[in-house]
Amino acid sequence: MQGAPAMQRYSIFSLLRNALSHHERWQAAWRSPEPRPAYDVVIVGGGGHGLATAYYLAREHGITNVAVLEQGWLGGGNTGRNTTIVRSNYLWDEAAHLYELSLKLWEGLSQDINYNVMFSQRGVLNLGHSLQDMRDIHRRVNANRLQGIDAEVLNAAQVKAMVPILNTSPGARYPVLGASLQRRGGVARHDAVAWGFARAADARGVDIIQNCAVTGIRRENGRVVGVETSRGYIGAGKVGVVAAGNSSVLAAMAGLRLPLESHPLQALVSEPMKPVIHTVIMSNAVHGYISQSDKGDLVIGAGIDQYAGYGQRGSFHVIEGTLAAIVELFPSLSRVRMNRQWGGIVDICPDACPILGKTPVRGLYFNCGWGTGGFKATPGSGFVFAHTIARDEPHPQNAAFSLERFTSGYLIDEHGAAGVAH
Ligand code: FAD
Ligand code: PYC
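All values derive from a computational prediction rather than experimental measurement.

Parameters and conventions
- Residues numbered from 1 in each chain as written.
- Chains lettered and ligands numbered in written order.
- Predicted model: local features only at pLDDT ≥ 70, side-chain atom pairs only at ≥ 80, totals over all residues.
- Heavy atoms only, no water.
- Near = heavy atom within 4 Å.
- Polar contact = N/O pair within 3.5 Å; in protein donor to acceptor, adjacent residues only side chain to side chain.
- Areas by Shrake-Rupley, 256 points an atom, 1.4 Å probe, with all protein chains shown as cover.
- Nonpolar A, V, L, I, M, F, W, Y, C, P; charged D, E, K, R; others polar.
- Pairing = 2+ DSSP bridges.
- Helix = DSSP H or I, 4+ residues; strand = E, 2+ residues; numbered from the N terminus.
- Axes fitted to C-alpha atoms, helices over the stretch in contact; angles between N-to-C directions.
- Contact = heavy atoms within 4.5 Å.
- Parallel < 35°, antiparallel > 145°, perpendicular 65-115°, else oblique.
- Left-handed = near helix turned anticlockwise from the far one by under 90°.
- 1 Å grid on protein atoms, 1.4 Å probe; cavity = no way out; pocket = protein on both sides within 12 Å on 5 of 7 lines; lining within 4 Å.
- Points joined across faces, edges and corners; volume = space filled by probe spheres on them.
- Core = buried A, V, L, I, M, F, W, Y, C linked by side-chain atoms within 4.5 Å.
- Buried < 20%, exposed > 50% of the residue type's maximum accessible area, 1.4 Å probe, protein only.

Peer 1: Mind showing me how you'd approach the site of ligand 2 here?
Peer 2: Taken together, T83, I85, R87, M282, Y289, T372, G373 and K376 are the residues near ligand 2. Within the contact set of ligand 2, an oxygen atom lies 2.7 Å away from a side-chain nitrogen or oxygen of R87. Here a nitrogen atom of ligand 2 and a backbone polar atom of T372 are 2.7 Å apart. In isolation ligand 2 has 240 Å² of accessible area, and contact with the protein removes 95% of it. Residue composition of the shell around ligand 2, grouped by class: three nonpolar, three polar and two charged.

Right, dumping it as structure tokens:
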């Protein structure tokens, strides 16, 4: 200890003090205020997207009379249930630019919100198992390069060099012919994203109110005027709904129908192991993907359960199919034990792209339909949604993702890039 720098001494003492306490001296990261009678903007949903929206409303537009209403606890929805993959390698310009805006924000996020979100750019591989997979990979990599997004095609030997435990033998049930690689892709700590945005938004004056379910959306003369909640009525100049798996339920409260289907999507983690996988590996063909957390557990995800529903749990046959595929790809993992499994509800649009914009009700905005892939979009989604709410017009990067595309027919089909889970 002698001669240790002051900062280090402080950290060791505070670590000891907190280890021996019951955390009673910990400073709350955000306030828990009583709801005010009215706000300029009410955000429904305290997941990453809702909290990011509130943060950027305050930071970019100076709108701080804002409440985020969360029915449970922050990040208890899909934000805390996803497998944390971040990438921007989508096919069509509209989607690729939106996700790339987000990826650029991820690259400075920990500094921006002064909270370590553990963003780790360890690369994302999308495996190709057939000639058609490889044609699709080439097409998407070429598109990404034209869009200014980093993308490479790897052959089987290059994939093997990156992931030695992957079975690349030609006799494998799913032979690996190659892969696309986005080196700037990776993973982040999902809870930290919610907590970091919450703390940063709170510091700018946003009220974050947990255990506050929105039960109705009040309208007068075609305009939103407030929300009914489990803690009473709250007036609002504008309302932004960012409720992921519950979007259709919220839309119905405003007399709207959205082109969404809600499905369970599940994931599981293994016991912790020494590092064996240093990148993210996804395989659309086999509906499985895997990465290894810094703690050492294997993080494994599946395709959606095909039935629609609101139960935040999955079914055994999907886990069984996914683990069979993972073991085919990584035979040496066959004896690893799985520790935990969970599910979240994802809202999926017919074109596997989100809805982000205005609704026929004036002052009411929806941000939904991210399906199986919205975690990577968290900062970008919040950034453009805040712009849309503040200015009552879309940001150039979300203009194509309006509700009108389902009547104009200008769909943006990203089923290929949304990939694995579909
Ligand atoms: P949420 O975090 O779900 O936030 C919505 C919030 O709204 C919830 O907290 C909910 O409680 C609240 N709410 C709902 N109704 C009400 C109401 N009436 N009143 C008040 N609050 C309400 N995406 C990726 O990019 N990469 C991945 O690797 C990835 N893996 C995934 C794996 C799984 C198993 C799952 C389920 C999803 C995955 N996703 C992934 C998708 C991603 O998690 C979501 O798209 C994203 O987290 C959505 O964020 P959100 O903030 O909109 O939603
Ligand atoms: O969108 O990259 C993704 C993803 C991976 C797993 C679930 N979603």
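Peer 1: Help me out: how do you make sense of the sheet that holds strand β6 (residues 178-182) in this one?
Peer 2: Whenever strands of a sheet pair, they do so through backbone hydrogen bonds, lying parallel or antiparallel. Spatially, eight strands are ordered β5-β6-β4-β13-β14-β15-β12-β16 in an open sheet, and the strand pairing comes out mixed. Taken across any chain shown, the strands that pair with only one partner, and hence form the sheet edges, are β5 (152-155) and β16 (338-348). Geometrically, the sheet is characterised by an average inter-axis angle of 20° between neighbouring strands, direction not taken into account. Alignment of strand β4 (residues 124-128) against strand β13 (residues 280-283), held across three bridges, turns out to be parallel. When the sheet's bridge partners are listed, V124 is paired in β13 with V280. Against the sheet, helix α8 (residues 316-329) touches β4, β12 (261-272), β13, β14 (288-292), β15 (297-304) and β16, its axis set at about 125° to β15.

Peer 1: It is not clear to me how the packing of helix α3 (residues 93-113) against helix α6 (residues 190-203) should be interpreted in this structure. Could you clarify?
Peer 2: Between two packed helices, what matters for the description is the angle formed by their axes and the separation of those axes. Contact pair α3 / α6: the axes reach a minimum separation of 10 Å and the direction vectors enclose 50°. Regarding the angle of α3 to α6, the classification is oblique. In the crossing of α3 with α6, the sense of the turn from one axis to the other is left-handed. Mapping the contact onto sequence places W106, L109 and I113 in α3 and V193, G196, F197, R199 and A200 in α6. Residue classes in the contact of α3 with α6 are distributed as six nonpolar, one polar and one charged.

Peer 1: Honestly, empty space enclosed by the protein in this entry has me stumped. Any pointers?
Peer 2: One pass over the structure, following the stated rule, counts two cavities of 30 Å³ or more. There is about 60 Å³ of room inside the largest cavity. Along the wall of the largest cavity there are 14 residues; nearest its centre are A352, W370, T372, G373 and A418. Considered class by class, the residues forming the lining of the largest cavity number nine nonpolar, five polar and no charged. Taken as a whole, the second largest cavity encloses approximately 40 Å³ of empty space. Every residue along the wall of the second largest cavity is listed here: N89, R140, V141, N144, A151, S180, L181 and Q182. For the lining of the second largest cavity, the elements supplying multiple residues, two or more each, are α4 (131-146) and β6. The residue makeup of the lining of the second largest cavity, split by class, is three nonpolar, four polar and one charged.

Peer 1: I keep staring at the nonpolar core and nothing clicks. Help me out?
Peer 2: Among soluble globular proteins, nonpolar side chains are generally buried collectively. The biggest cluster of nonpolar side chains holds 52 residues, and the ones touching the most others in it are I43, L51, Y56, W106, V117, F197 and V206. Where this core is concerned, the elements lending two or more residues are β1 (38-44), α2 (48-61), β2 (66-69), α3, α6 and α9 (378-391). Ranked by the residues each element gives to this core, the list is headed by α3, at nine residues. Filtering out sequence-adjacent residues up to four positions away, V117 remains in contact with W106, L109, S110, A188, R189, A192 and V193.

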